[in-house]
Every structure is written in C-alpha cells, then in structure tokens.
Amino acid sequence: MKQSKVRAENEQRVAELPTTRLEEGFDENGNPTLTAIFPRKGGGEPHRIDITLLLEFPGLTDLFAQGFLAWGRGKTNGTRLERVKQLRYWFVFLANFDQRFITPARVQEDVLAGFNQWLHTRTKKNGQPLHPNTIRKALESVRTTLRTISAGESIAARVPAGPRGAIRKTTPTEGISWPILMAIWKAAEKETFALRDRWVRGQTLLTQGRRLWAQGHRLVPNPGKQERDSAESTSDANLALCLAMIDAAFPSVVPELASIQSTNLSMGNSVKYAFGRDEITGYLYASSRDLVPLVLLLGFATAFNPDTLLSLEWKNVDREVDRLGTAAVRICAEEAVEGYTEGSVAPDQEEEPLLSIQGVKPRASRMLRRLLDPTASDPSQASLSLVLDLLRDLTDRIRPELLPDHQDRLFIYVASKNYSGPKGYGRTRDSPSGDNVWCRSLRNFCKDHDLPKFSLKQIRFTLLDYVQLVNRGSLEASRQVGNHEGRITTWTHYTSGLMRRLLQEGTGEILLTRERWIDTGGRIDPRTTPIGSDKSSASPGFDCLDPFDSPRPNQNKGRLCRAYGECPACPLVAVKPFNPTAVMYWEALQRAIHRSVSTMTAPMWMERWAPVAADLKALIVLVPESVLVESRRFRVELPNVG
C-alpha cells in the first residue's frame, strides 16, 4: 500500500514536469491556433511560440510542427522566433503557387528547386534583392528543421545548398583608432567615478533624511513651479527628507509622478517641482544610461561578445579566487581555448583575490572564462572591484521585481520614461546588444562626450586586433582571447586590413630570408638572429638601413643583401654598441674572420676583408667595459667568412 502511494506521487510529479509539446486552441475570434511550448530553463512560465501559420498547410502541419519541436530543444527563445521568421519564406512560396494542400510525398526536387529560384528572384520592399545570407538561412531553416526527425530526413537531404560565400561579410567590422579607444576608456572611467560619488551622496542623504523624519521634520511645501527657485525647498535637507520618504513609501521601483502624488501630495510636489523624478531615482537605482560606463569597462577587461557581456549573471562571477591556490589554476586549465589573464602582477599572499568571470556564448558549446585582477594599476583608474560593487549597489533594490530570466543579470535597470518595472537587456525578438534601450543609451554616451558612434562589437574587434599586433601577428594569441574554436574565425572576422598587410609583409620577409639562407649555404641563418634584431641584415648583431640596395661588391639591386660578414664596413650599417647581445655577435664575427684568413688569398684579404676587420675592431673599441663584460657571459660561434 505504501509503495503504491509513493509510486502514485512520483507519477503525479512526473506529469507536472514541464515538457516540450504542442498546444491547440482558439483565439478570441474563434480561429484555431497552434502553439509550440518549451520549458524555461530554471523553471517558471514556459516559452510559447506561435506557429499557427502551419495550420494553413494541413499536409505539412504535423511534419514541420514535430520537426520544430525537436529542433527547438536547447535553443534560446530568440533563436526559435528567428527560425519561425525564416520558415515563413517557405510557406509564403507555397501559398503563392497554390500549394497549400501539398503533402510530404509531393515535396520533391522540382518543388525545392523552385523555392530556391523564387528566393533568388524575390525582392524586398525597397526593390533590392534578398541578401545571399537571407537566402541561405531560408533554405537552411527547412533543411535543419526536418532532418531532426526521421520522417523529414529524405526532404532535408534534397534541399539545395545556399549561395556560395553567403556567410562572408560584405562590410567588415571597422576598428577603433587608439586615440578614440583611449577617449572612450577615459570617458567611461570619468562616469564611473561620478556614479560612485552620486551613490555615496545618496546614502548620506538617506541617513540624514531618516534622522530628520524621525525628529518630526516636514517637507517644505511646493504649491507650484514658482517655488522651485526657493533655496529652502531645494536644500539638501529637504532633498534628504524627500528621499527618505520615497524610500519608505516605495521599497522597490519609484512609480510615475501621479502615483507619488496620490500617496503623499507634499512628497509628490517636492519631486515634481523641487528635484525631479530622475534625480530622486538616481540615488536609489540605475537607469540604462547609468550602466553604459560599467558595461564598457567590463567589456574592455573581458573582450567578451556583446550579447555575452550584456547577459552576464552573478552566478558566473567569482570574486574570491586565490592567487596561489588551486582554484585559479583549475579555472585557467579547464578551458583549453581560453587562458587569457589580464592585469597580472607578481603573486603575493596578502594581495586581493583574483576575479573569475564566466560568460555564455549562445552559438558556442563551451563557456567563456576570464581570470582577472580586480585591482586598478593606478589609484586614478577605475578597478573591476569598483565596477562590480557599483553594479551590486545600483541594482540590489530592484532585483526582486525582475522576471526569472533576468533575475541574476549583472546589468539591470529601470527605464527613465517607462515605469513598467526593472529589466535586463534583450527582448523576446531582440538580442541584448540589439535592444533599442541599450543602443539609445550608448548613442547618448557618445553624444555626451563628443565621441564618434561605436558599438561593443567594434571594441571587441579592436582589442583582438591589438592582441595580434602586440604578439607579433600571432593569430593564436588573438584566438585564445576571442575564445574562437578555430583560427579561421579570428582571421576572417577579427583581423583588420592593417594587420593583414603586416602579416603579409611578415610572410614576405620569411620567404626572402629563407631564400637567402638557401643561397648562402646556411651561413646567413635567420633562425640565429636575436629577437628584436633586424633579420634583413646579412650579419647577426647589425641593423641595415636598406638591405635591397647594398653598396658591397657582387650584390644586386632589388635583392636581399648576401654580403655575410661585411656589415662593419658597409655605409648602410646601423650599430648598437650598448646592446650586450649585439656586441656578443660582433666578437663572434671577429673570431670567424680570423679563422678564415688561412683560406683566403693575399689580394682577397687585403682588398676585401682587412678593411672589414679593421672597422669591426674600431667598433668593439667603442663599447663600454660594462657592456663588454655582460656580452662575454655567453659565447656564440658564427660560420667562416669568404
């Protein structure tokens, strides 16, 4: 009996679990509807996607509905909505050609080829043809929706491929110049410090206002706009008292002015005529405009994708990672494609713990992690600790009112002109970075600081481009920071034209030095050139002003100089007598010249190599004694000359 009762309870719990399913119904006009229901991650009200369009095609309704359910598992709600939009092209095509009652058996190559041709001839409202990537997505939506179920595999296999090069970007992302990037950074820091000062002032005013209220003080009456200029009504004491009363009356979001006045007319008039609602709410929680500098600074630190950055959650932020403990090592090692640490300093047991931030990239199958130093390198700079503390302070008050999807977001706000409640970035149909509220706030930031318009995408692109630049064109270093699965993504989407030209020049340099290495029998070996030295020079330890126009004997104009060992006597040579590594190679060349005397004829020595030896000796005489001592700590040998 007891076991039967437990079994019944378990069956009831299973029946109550949210499942992916179809729901049929009727709208307010009595028309049938079809809705795909997907359980929400973490519980709560499930996502509902309207796919009533399928009912107009009874022969395909079940096939596409089941395929959509199977495909949509694990996808975000925005991705599912986008898929419905893409599938609409297929059903509009069928409707235009009177194929509403087509069955799966009749969907053959001719129908699918006609769909492909129709997409290529269709135009938008402005008369322009569909973008190749739009055509690709329309075809792909049919293919990937149907291949998730066995009944649709045969049709999916016959769907034509999209246009070649459809996913290639026609307008590459534009990088941000270094002066503009620094101006953005400075503007973000300036606003962050202003936010901190405003928050501290607000807490001071609240403390003062609560004390005045407890002592029986009352607000200065504000019967009309003419009282706004009254010093008494706009004083800090009156502001503090008004703020304390607002805080007590509305523990979360401050409502619109009419609601405040209906609650307390004197309080409402003070807000309306003396201070303004925006000033009052600015002391209590963040607006979207307030969040812009905090988003930018965190974007500079992490180089995350815009959508990943704007949808970060507190559960993925660990502020207690020990610098010397296993936690820091484990976080870096778990993700093989990451490993980027910013702001690293020498470990010290007494230093502040490191900061770990983990983000979710919807299209990727892995998490993005950053291990960062939360302290600022200079007291005048805004630290990550300050940014995160401000985010906590400015959002804690409104967090309980959020919908479950945004409950744990870092970046939440209350709109200044719409008092519908707190929210995070990203609507049902928009990605976080495409949210109109965010885009408008960023434009206002640019306008306030006289900056050219830019996007978070451009900041990420520029940072990854600079990573390549400072790492001597390393695509791998940039790939790791960008968390890309392959270097082709980094090269295609995150390498600027300037960086490409530099890499091409580097490739040309490699080919030329390799050719010279072969022609000289290995005597001029670019692999032995010290890091930071001139590889175009014919002798290690020397720099050359024009290696393609050498004045030395037997050298051809336009070809890389091959006069190994003759650099000391060349008028185009540049030397570094205070560089111990260069001096080390000078002495190695001197020994190589002396070893080679026995293999030379007397005329050859006197005409060609004696002047070189004399010039090299004169150079070594100029070297300070301390540099000579340092250069002789190591010894290298060079091939003979001649």
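Residues numbered from 1 in each chain as written. Predicted model: local features only at pLDDT ≥ 70, side-chain atom pairs only at ≥ 80, totals over all residues. Heavy atoms only, no water.

Draft legend 1. Representation of the overall build of the protein. Regarding its fold elements, the protein presents 23 helices and 11 strands. The buried share of the protein, reckoned over its 642 residues, is 45%. A separation of at least 24 residues holds for 64% of the contacts in the protein among residues at least 6 apart in sequence. (Helix = DSSP H or I, 4+ residues; strand = E, 2+ residues; numbered from the N terminus. Buried < 20%, exposed > 50% of the residue type's maximum accessible area, 1.4 Å probe, protein only. Contact = heavy atoms within 4.5 Å.)

Draft legend 2. Fine view of the packing of aromatic side chains. Summed over all chains, the structure comprises 14 aromatic pairs. Centroid distance Phe-93 to Phe-97: 5.2 Å. Interplanar angle 50°. Geometry classified as tilted. Measuring from centroid to centroid gives 6.3 Å for Phe-115 and Trp-118, while their planes differ by 25°, and the two rings are stacked. Residue Phe-115 and its partner Trp-118 are located together in helix α4 (residues 109-121), separated by three residues, close to a single helical turn. (Phe/Tyr/Trp six-rings, centres within 6.5 Å; stacked < 30°, edge-to-face > 60°.)

Draft legend 3. Molecular detail of unusual backbone geometry. Phi angles above zero are rare outside glycine, and Asp-98 is one such case at about 55°. As for its placement among the helices and strands, Asp-98 is situated in the loop between α3 (77-96) and α4. The exposure class assigned to Asp-98 is exposed, which follows from its relative accessible area of 68%. If you check the backbone angles, Asn-554 has positive phi at about 65° while not being a glycine. Of the residues examined, Asn-554 reaches a relative accessible area of 71% and is grouped as exposed.

Draft legend 4. Spatial organisation of the nonpolar core. If you look at the biggest cluster of nonpolar residues, it comprises 48 residues, and the most contacted ones within it are Leu-294, Leu-296, Leu-391, Leu-410, Phe-411 and Phe-454. Broken down by element, this core gets its largest block of residues, nine residues, from helix α12 (residues 288-302). When neighbours within four sequence positions are excluded, Leu-296 is seen to be in contact with Ile-184, Ala-188, Leu-442, Phe-445, Phe-454, Leu-456 and Ile-459. With 39 residues, the next largest nonpolar core counts Ala-65, Leu-81, Phe-115 and Leu-146 among its residues. (Core = buried A, V, L, I, M, F, W, Y, C linked by side-chain atoms within 4.5 Å.)

Draft legend 5. Structural context of the pattern of salt bridges. Inspection of every chain in the model, using the stated rule, returns 20 salt bridges. Between Arg-591 and Glu-637 there is a salt bridge whose closest N-O contact spans 3.3 Å. Residue Arg-591 is located in helix α21 (residues 580-595), and its partner Glu-637 is located in the segment after α23 (625-631); the two are separated by 46 residues in the primary sequence. A relative accessible area of 24% means that Arg-591 is categorised as partly exposed. (Salt bridge = Lys/Arg side-chain N within 4 Å of Asp/Glu carboxyl O.)

Draft legend 6. How the structure looks around the sheet that holds strand β3 (residues 47-50). As summarised here, the arrangement of the three strands in space is β1-β2-β3, forming an open sheet in which the pairing is antiparallel. Strand pairing shows two members of the sheet lacking a second neighbour, β1 (21-26) and β3, which therefore form its edges. Strand-to-strand, the axes of this sheet are offset by a mean angle of 35°, without reference to chain direction. Here four bridges tie strand β2 (residues 32-38) to β3, and the two strands are oriented antiparallel to one another. Note on β3: the bridge partner recorded for Ile-37 is Arg-48. (Pairing = 2+ DSSP bridges. Axes fitted to C-alpha atoms, helices over the stretch in contact; angles between N-to-C directions.)

Draft legend 7. Up close: a positive patch on the surface. A cluster of like positive charges, contributed by Lys-417, Arg-440, Arg-443 and Lys-453, occupies part of the molecular surface. Structurally, Lys-453 can be placed in the loop between α16 (436-448) and α17 (456-470). (Patch = residues over 30% accessible without salt bridge, like charges linked within 9 Å, V, L, I, M, F, W, Y side chains within 5 Å. Areas by Shrake-Rupley, 256 points an atom, 1.4 Å probe, with all protein chains shown as cover. Lys, Arg positive; Asp, Glu negative; His and termini not counted. Charge placed at Lys NZ, Arg CZ, Asp CG, Glu CD.)

Draft legend 8. Region of interest: α16. Between its first and last C-alpha, α16 extends 18 Å over 13 residues, near the 18 Å set by a 1.5 Å rise per residue. Within the span of α16, buried status applies to Val-437, Trp-438, Ser-441, Leu-442, Phe-445 and Cys-446. Looking at where α16 begins, the residue whose side-chain oxygen comes 2.8 Å from the main-chain nitrogen of Val-437 is Asp-435. Just beyond α16, the residue with positive phi is Asp-450, at close to 55°. (Expected span 1.5 Å × (residues − 1). Polar contact = N/O pair within 3.5 Å; in protein donor to acceptor, adjacent residues only side chain to side chain.)

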